[in-house]
Amino acid sequence: MQEATRLIAVRHGETAWNVDTRIQGHIDIGLNATGLWQAERAGQALADEDIGVIYASDLARAWQTAEAIARPHGLAVQPEPRLRERAFGHLEGMSFAEIESMLPDDARRWRERDPEFEPVGGESLLTFRDRVTHVAAELAARHPGQLVTLVAHGGVMDVLYRAATRQELQAPRTWQLGNAAINRMLWTPEGFSLVGWSDIAHLAADDTLDETTA
């Protein structure tokens, strides 16, 4: 029987667009000053963990966070574009208020978590879920018995939580997806299971935004 892979999944630190509730998706936005601090704090919090490998989305906000986590371990971050946020197509760059005002039908379908809703030029929740669960399982399977860190985005964290707790895509979200929160899971060929979620003890309690635009 294959030994379980331990997983630490970390959402990137804060960006200016998180503060502005603006959709980032695949647009490459770097961390703001708070986000850089959060990334460093996550790195310090995980400095004594026996991390064997770190994979990260190749978008700057995740990559900068991953580098801060990798530094104490002397590891090189491994790029994995399949860990990118959901592609939101024509909605990228818009704020929630702008979407509600200009594209009310898109806003409604997004708010209702319609699994088949595919923004023009973007991905449906179904496609996004399949991408994330496939790559996370693939990476975990490469490292049985090891501790693997995945640094990605709020939407990726949401998919992983749902996979680990067997929640449907349309289930209302009751869990936190804060910037630079530390989340822990196990993976075996049978799937993902939850160990711990949304550890923000390394951060100021009021200084981590819950996921909205990733």
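Residues numbered from 1 in each chain as written. Predicted model: local features only at pLDDT ≥ 70, side-chain atom pairs only at ≥ 80, totals over all residues. Heavy atoms only, no water.

Enquirer: Got a minute to help me understand the sheet that holds strand E5 (residues 182-188) in this structure?
Expert: Pairing between the strands of a sheet comes from backbone hydrogen bonds, and it takes one of two forms, parallel or antiparallel. Here we have six strands laid out as an open sheet, ordered E3-E2-E4-E1-E5-E6, and mixed in their pairing. Across the chains shown, the open sheet's two edge strands, defined by having one partner strand only, are strand E3 (78-79) and strand E6 (191-199). As judged from the six bridges shared by strand E1 (residues 5-11) and E5, these two strands associate in the antiparallel manner. Its bridge partner lying in E5, Ala9 is registered against Asn183. The sheet contacts of helix H7 (residues 154-165) involve E1, strand E4 (147-152), E5 and E6, and relative to E6 the element is tilted by about 125°. (Pairing = 2+ DSSP bridges. Helix = DSSP H or I, 4+ residues; strand = E, 2+ residues; numbered from the N terminus. Contact = heavy atoms within 4.5 Å. Axes fitted to C-alpha atoms, helices over the stretch in contact; angles between N-to-C directions.)

Enquirer: I would appreciate a short explanation of H7 in the present structure.
Expert: Three- or four-residue spacings in an α-helix give side chains the same orientation, since the helix completes a turn every 3.6 residues. The end-to-end C-alpha distance of H7 is 16 Å, a good match for the 16 Å that twelve residues give at a rise of 1.5 Å each. The buried fraction of H7 amounts to ten of the twelve residues, a majority that puts the element mostly inside the structure. Residues Gly154, Gly155, Val156, Met157, Asp158, Val159, Leu160, Tyr161, Arg162 and Ala164 constitute the buried set of H7. Buried residues in H7 make contact with E1, helix H6 (125-141), E4, E5 and E6. Arg166 occupies a position one or two residues after H7 and carries a positive phi of about 60°. (Expected span 1.5 Å × (residues − 1). Buried < 20%, exposed > 50% of the residue type's maximum accessible area, 1.4 Å probe, protein only.)

Enquirer: Please clarify how the packing of aromatic side chains should be interpreted in this entry.
Expert: A ring pair, where both rings are aromatic, is described by two values, the distance of the centres and the angle of the planes. Counted by the stated rule, this structure contains four aromatic pairs. Plain terms: the ring middles of Phe88 and Trp110 are 5.2 Å apart, the flat faces sit at 50° to each other, and that makes the pair tilted. Linking Phe88 in the loop between E3 and helix H4 (96-102) with Trp110 in helix H5 (residues 104-111), this pair joins segments that are 22 residues apart in sequence. By relative accessible area, which is 7% here, Phe88 ends up buried. (Phe/Tyr/Trp six-rings, centres within 6.5 Å; stacked < 30°, edge-to-face > 60°.)

Enquirer: Is there a simple way to think about the UniProt feature "binding site: substrate" (unreviewed entry) in the protein chain in this case?
Expert: Feature annotation in UniProt places "binding site: substrate" (unreviewed entry) on Arg11, His12, Gly13, Glu14, Thr15, Ala16, Trp17, Asn18 and Arg61, given in this structure's numbering. Classification of Arg11 by relative accessible area gives buried; the value is 1%. For Arg11, the side chain forms a polar contact with the main-chain oxygen of Leu177, separated by 2.9 Å. Looking at the secondary structure, you find Asn18 in helix H1 (residues 16-19). What makes Asn18 buried here is its relative accessible area of 5%. (UniProt positions renumbered as here; feature names shortened; annotations may be inferred. Polar contact = N/O pair within 3.5 Å; in protein donor to acceptor, adjacent residues only side chain to side chain.)

Enquirer: Would you explain helix H3 (residues 60-70) in this entry?
Expert: Looking only at H3, the buried set comprises Arg61, Ala62, Thr65, Ala66, Ala68, Ile69 and Ala70. Among the structural elements, E1, helix H2 (33-45), strand E2 (51-56) and E4 are those in contact with the buried residues of H3.

Enquirer: Explanation requested: the UniProt feature "active site" (unreviewed entry) in the protein chain in the structure shown.
Expert: The UniProt record marks His12 and Glu85 with the feature "active site" (unreviewed entry), using the residue numbering of this structure. In sequence the annotated residues extend across 74 residues, while in space they remain close, none of their C-alpha pairs exceeding 10.7 Å. Looking at where His12 falls in the secondary structure, it is placed in the loop between E1 and H1. Judged by its relative accessible area of 0%, His12 is buried. With respect to the helices and strands, the residue Glu85 is situated in the loop between E3 and H4.

Enquirer: What's the story with the pattern of salt bridges in this structure? I'm lost.
Expert: Opposite charge on two side chains lets them pair, provided their charged atoms get close. Taken as a whole and judged by the stated rule, the model has 16 salt bridges. Taking the shortest distance from any N to any O, the salt bridge between Glu40 and Arg71 comes out at 2.8 Å. Within this pair, whereas Glu40 is found in helix H2, its partner Arg71 is found in the loop between H3 and E3, the two being separated by 31 residues in sequence. For Glu112, the salt bridge is made with Arg108, and the minimal N-O distance between the two is 3.1 Å. Here Glu112 falls in the partly exposed class, since its relative accessible area comes to 46%. For Arg108, a relative accessible area of 33% translates into the label partly exposed. Through salt bridges with shared partners, a single network forms among Glu80, Arg82, Glu138 and Arg142. (Salt bridge = Lys/Arg side-chain N within 4 Å of Asp/Glu carboxyl O.)

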